[in-house]
Amino acid sequence: MEAQDEEITVERAVENFAAEVARWREVRGMSKRGLAQAMGFDPSYVSHVESGRHRPREEFARLADEALNAGKAIWRRWCDYEQAKTREGPARRPPGATPAPRRAAIRDRLCPRRRA
């Protein structure tokens, strides 16, 4: 696990999120298909998120955390991802993405900073 104060890259945050989802899915003995069904997603989407081909979305993080009864572990990884995206700024943000100040306000409301 990364140190709480250590800043991670978006790529690393995506890897961490994917690993957390896969870990909890395996702990709960669920297949990707079973998780997808419990969340209302297509099984290929779950596979793409776990492989890092798709970036995590808020809805996916919330539903996965709930379906896997992960105690907010998956949600915290999503928050780490959101914080990494905000730190990287607009240079890497795709066209049409939420501007950084608004994204930061949303992130701060949904993902309070963890204290050491």
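Not measured: the values here are computed from a predicted model.

### Quick word on helix 3 (residues 43-51)
Within the span of helix 3, buried status applies to Tyr45, Val46, Ser47, Val49 and Glu50. In this structure, the buried side of helix 3 is in contact with helix 1 (10-27), helix 2 (32-39) and helix 4 (58-67). Looking one or two residues past helix 3, glycine 52 carries a phi angle of roughly 85°, positive in sign.

### Some remarks on the state of the cysteines
Scanning the model with the defined rule gives one disulfide in all. Bridging cysteine 79 to cysteine 111, the disulfide has an S-S length of 2.0 Å. Taking the sign of the S-S torsion, about -75° here, the bridge from cysteine 79 to cysteine 111 comes out left-handed. With cysteine 79 in helix 5 (residues 73-88) and cysteine 111 in the segment after helix 6 (100-110), the pair connects residues that are 32 residues apart, well separated along the chain.

Reading guide: rules and limits
- Residues numbered from 1 in each chain as written.
- Predicted model: local features only at pLDDT ≥ 70, side-chain atom pairs only at ≥ 80, totals over all residues.
- Heavy atoms only, no water.
- Buried < 20%, exposed > 50% of the residue type's maximum accessible area, 1.4 Å probe, protein only.
- Helix = DSSP H or I, 4+ residues; strand = E, 2+ residues; numbered from the N terminus.
- Contact = heavy atoms within 4.5 Å.
- Disulfide = S-S within 2.5 Å.

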